[in-house]
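Residue-level structure breakdown
Here is how the chains run, residue by residue.
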Amino acid sequence: MRHRSAETRPESVRKVRPVFVDVDTGVDDALALVYLLASPDTEVVGIASTGGNVGVEQVCENNLGLLKLCGVPGIPVSRGSDRTLTGPLRLPSKVHGPRGLGYADLPRSDGRLTDHDSATAWVRAARAHPGELIGVATGPLTNLALALRAEPALPTLLHRLVIMGGSYDHRGNTTPVAEWNISVDPEAAAEVLAAWTADVVGPQRLAILCGLDLTRRVAMTPDHLARLAAAAGSTTTVLSPSDERGTRSRASNPLIRVIEDAMRFYLEAYHDIGHGYEAHMHDPLAAAVALEPGLVTTAPATVDIELTGTLTRAMTVTDWSGVREPNALIGVDVDAAAFFDRFIERVGPFAQRLSHNA
Ligand code: BDR
Ligand code: CA
């Protein structure tokens, strides 16, 4: 059974949707966050920082800097665990640069982190918005697993959970078979999937998983960036693989400048690993799906995380047979053009408003 769901409520009765996001910021996490901040009828009620693409301190700094840049410094940012459930974090990812945002410089923020950790932040946000909170996880799932240990009712408190993680009948990006977010903390991913079962949340509210097989179909190109700058009313110079490495953006809009400087590094990294001069929008797609599940077609399946394989640890082993109870809705098809239209029409005007308010 495959289904599309859509936001069908008329404008007049649309409510503000509270969203809690757990990120390991990272270029694409940053774009996911900006997308959520730019989306109408959406309130980001908290940001959990998890170590992954870069260490947790840097993730916190990136999140606070982004909020300052976007003119919303008051959103609570919490610090997550600096280790996985079973040991130290992996070394940082190379595709996001040493500070996570490629060549971009974020404004320094004097914003403070919450006095509680990210697991507690998940639980508090869910309890504050019972049945309404949309959770989005675009990093390793350590904080969410710890939150579940603290509050086993978390799955029933959430309205929806969308995770960027895994690779369904498809290759990995960290090992031949495993995707980064799951690879960093496979035990955490296993705990989350074990808790979010159909018995607990019902078959329609299983977690939506966006894996590499899906997100690799959503590749941002220099043309998309040029469209984004135009939608922001910003000047730009179209990025090209023949530009000198590390050329800095001279776009007139400050958010567009940060996006272009971050994206240039990401595009160069993708180019170097043989993907061409385009970069996959893993996390922004998950954020968009969290607000609008109808952007993807999903199919139920039973996913087990391989925890012991010598070659296959962190693989998302997916049973489509329907023999076992499904424990996830897997994103299996996406309208990439619709995603980019949505991204540009939201983030462009948001960036433009920021420059007017500056
Ligand atoms: C995931 O890994 C990270 O590098 C990205 O931010 C994304 O969340 C893709 O495998
Ligand atoms: Ca991420």
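Counting restarts for each chain, with residues numbered from 1 along the sequence as it is written. Throughout, the order in which chains and ligands are written sets their labels, letters from A for the former and numbers from 1 for the latter. Only residues with pLDDT of at least 70 are given local features in this predicted model, and only at 80 or more are side-chain atom pairs given and counted; all residues enter the totals for whole chains, interfaces and linings. Side-chain metrics rest on all non-hydrogen atoms present in the structure, leaving aside hydrogens and water.

Concerning the layout of surface pockets
Roughly 590 Å³ of volume is contained in the largest pocket. Points on a 1 Å grid over protein atoms alone make up a cavity when a 1.4 Å probe fits among them but cannot get out, and a pocket when they form an open set with protein on both sides within 12 Å along at least five of seven lines; lining residues each have an atom within 4 Å of a point. What lines the largest pocket is a set of 32 residues, among which S93, V95, H96, N173 and W180 lie closest to the centre. Those elements that provide at least two residues to the lining of the largest pocket are α1 (27-38), α6 (180-184), α11 (254-272) and α12 (282-291). Only DSSP runs of H or I reaching four residues or more are called helices, and only runs of E reaching two or more are called strands; each is numbered from the N terminus. The biggest single contributor to the lining of the largest pocket is α11, with six residues. Grid points are joined across faces, edges and corners, and a volume is the space filled by probe spheres set on the points.

As for the site of ligand 1
A cutoff of 4 Å decides nearness: a residue is near a molecule or strand if any of its heavy atoms lies inside that distance of it. Near ligand 1 you find 13 residues, and of these D28, N53, N173, E179 and D283 are the closest. Contact distances for ligand 1 include 2.5 Å between an oxygen atom and a side-chain N or O atom of E179. Within the side chain of D283, a nitrogen or oxygen atom sits 2.6 Å from an oxygen atom of ligand 1. For every accessible area listed, the method is Shrake-Rupley and the probe measures 1.4 Å; residues are considered covered only by the protein chains on display. Protein contacts shield 97% of the accessible area of ligand 1, which totals 280 Å² for the unbound molecule. Any N or O atom pair separated by 3.5 Å or less is treated as a polar contact, with the protein-specific requirement of one donor-capable and one acceptor-capable atom, and with residues adjacent in sequence counted only for side-chain atom pairs.

Focus on the packing of helix α10 (residues 222-231) against helix α13 (residues 336-357)
To obtain an axis, a line is fitted to C-alpha atoms, over the contacting stretch when the element is a helix, and the angle between two such axes runs from 0 to 180 degrees between their N-to-C directions. Running from N to C, α10 and α13 point in directions that differ by 40 degrees, and their axes come no closer than 7 Å. The orientation of α10 with respect to α13, classified from their angle, is oblique. Once α10 is placed against α13, the crossing between them reads as right-handed. Contacts between α10 and α13 involve H224, R227, L228 and A231 from the former and F340, D341, F343, I344, V347, G348, P349 and Q352 from the latter. Classes in brief: Ala, Val, Leu, Ile, Met, Phe, Trp, Tyr, Cys and Pro nonpolar; Asp, Glu, Lys and Arg charged; the others, Gly included, polar. Taken together, the residues that form the contact of α10 with α13 break down as seven nonpolar, three polar and two charged. Reported orientations rely on four angle classes, namely roughly parallel under 35 degrees, roughly antiparallel over 145, roughly perpendicular from 65 to 115, and oblique for the rest. Left-handed is the label given to a crossing in which the near helix is rotated counterclockwise from the far helix by less than a right angle, and right-handed is the label when the rotation is clockwise. Throughout, a residue-residue contact means that at least one pair of heavy atoms, one from each residue, lies within 4.5 Å.

As for the nonpolar core
Each nonpolar core is a collection of buried residues, namely Ala, Val, Leu, Ile, Met, Phe, Trp, Tyr and Cys, held together in the definition by side-chain atoms within 4.5 Å. Note on classification: 1.4 Å probe, protein chains only; a residue is buried when its accessible area is under 20% of the maximum for its type, exposed when over 50%, partly exposed between these limits. Counting 118 residues, the largest nonpolar core has W196 and M263 as the members making the most contacts within it. Dropping the residues within four chain positions of it, M263 is found in contact with V27, L31, M220, L225, A279 and M281.

Some points on the sheet that holds strand β9 (residues 296-305)
The strands making up a sheet are joined through hydrogen bonds of the backbone, oriented either antiparallel or parallel. Strand order in the open sheet formed by nine strands is β3-β2-β1-β4-β5-β6-β11-β9-β10, with mixed pairing between adjacent strands. Edge positions in the sheet fall to β3 (77-79) and β10 (316-319), since each of these pairs with one other strand and no more. Across this sheet, the average inter-strand angle for adjacent strands is 30 degrees, counted without regard to direction. Two strands pair if DSSP finds at least two bridges between them. Examined bridge by bridge, strand β1 (residues 17-23) and strand β2 (residues 42-49) share seven bridges and lie parallel to one another. When the bridges of β2 are listed, D22 appears paired with A48. Relative to the sheet, helix α7 (residues 186-195) contacts β5 (158-164), β6 (208-210) and β9, its axis offset from that of β9 by approximately 115 degrees.

Remarks on the packing of aromatic side chains
The geometry of an aromatic ring pair is captured by two quantities: the separation of the ring centres and the angle between the planes. Think of it this way: a Phe, Tyr or Trp ring, Trp meaning its six-membered ring, pairs with another when their centres are within 6.5 Å, and the plane angle makes it stacked under 30 degrees, edge-to-face over 60, tilted otherwise. Taken as a whole and assessed by the stated rule, the structure comprises seven aromatic pairs. Aromatic side chains Y35 and F343 sit 5.9 Å apart centroid to centroid with 10 degrees between the ring planes, which places their arrangement in the stacked category. Of the two residues, Y35 is situated in helix α1 and F343 in helix α13; the sequence distance between them amounts to 308 residues. The exposure classification of Y35 matches that of F343, with both residues buried. Ring geometry for Y266 against Y270: centres 5.0 Å apart, planes inclined by 75 degrees, an arrangement best described as edge-to-face. Separated by four residues within a single helix, Y266 and Y270 lie in helix α11, roughly one turn from each other. Exposure remark for Y270: the relative accessible area of 6% places this residue in the buried category.

Structural notes on the coordination of the calcium ion (ligand 2)
In this description, a donor is an N, O or S atom within 2.8 Å of the metal centre, a cutoff extended to 3.2 Å for sodium, potassium and calcium. Water is not part of the atom list, which can make sites seem incomplete. Summarising the metal site, the calcium ion (ligand 2) is bound by the protein donors D24 (OD), D29 (OD), D29 (OD), T138 (O) and D283 (OD), whose distances to it range over 2.2 to 2.6 Å. Donor residues for the calcium ion (ligand 2) sit on one chain with the sequence pattern D-x4-D-x108-T-x144-D. Considered together, D24 and D29 belong to a single accessibility category, that of buried residues.

Concerning the pattern of salt bridges
We define a salt bridge as a side-chain nitrogen of Lys or Arg found within 4 Å of a carboxyl oxygen belonging to Asp or Glu. Taken as a whole, this structure holds 16 salt bridges when the rule is applied. The closest approach of N and O atoms between R264 and D243, which form a salt bridge, is 3.0 Å. Of the two residues, R264 is situated in helix α11 and D243 in the loop between α10 and α11; the sequence distance between them amounts to 21 residues. Classification of R264 by relative accessible area gives buried; the value is 6%. Among the salt bridges present, the one from R245 reaches D272, with a minimum N-O distance of 2.9 Å. Placement of R245 in the loop between α10 and α11 and of D272 in helix α11 is noted, with a sequence separation of 27 residues between them. Using a relative accessible area of 51% as the deciding quantity, one classes D272 as exposed. Among the charged side chains, a salt-bridge network with shared partners connects R99, D105, R248 and D261.

Notes on the packing of helix α4 (residues 142-150) against α7
As a packed pair, α4 and α7 sit with axes 8 Å apart at the nearest point and diverge in direction by 50 degrees. By the angle between their axes, α4 is oblique relative to α7. Considering how the two elements wind past one another, α4 and α7 form a crossing that is left-handed. Across the interface between the two elements, T142, L144, A145, L148 and R149 of α4 pack against A188, E191, V192 and A195 of α7. The residue makeup of the contact of α4 with α7, split by class, is six nonpolar, one polar and two charged.

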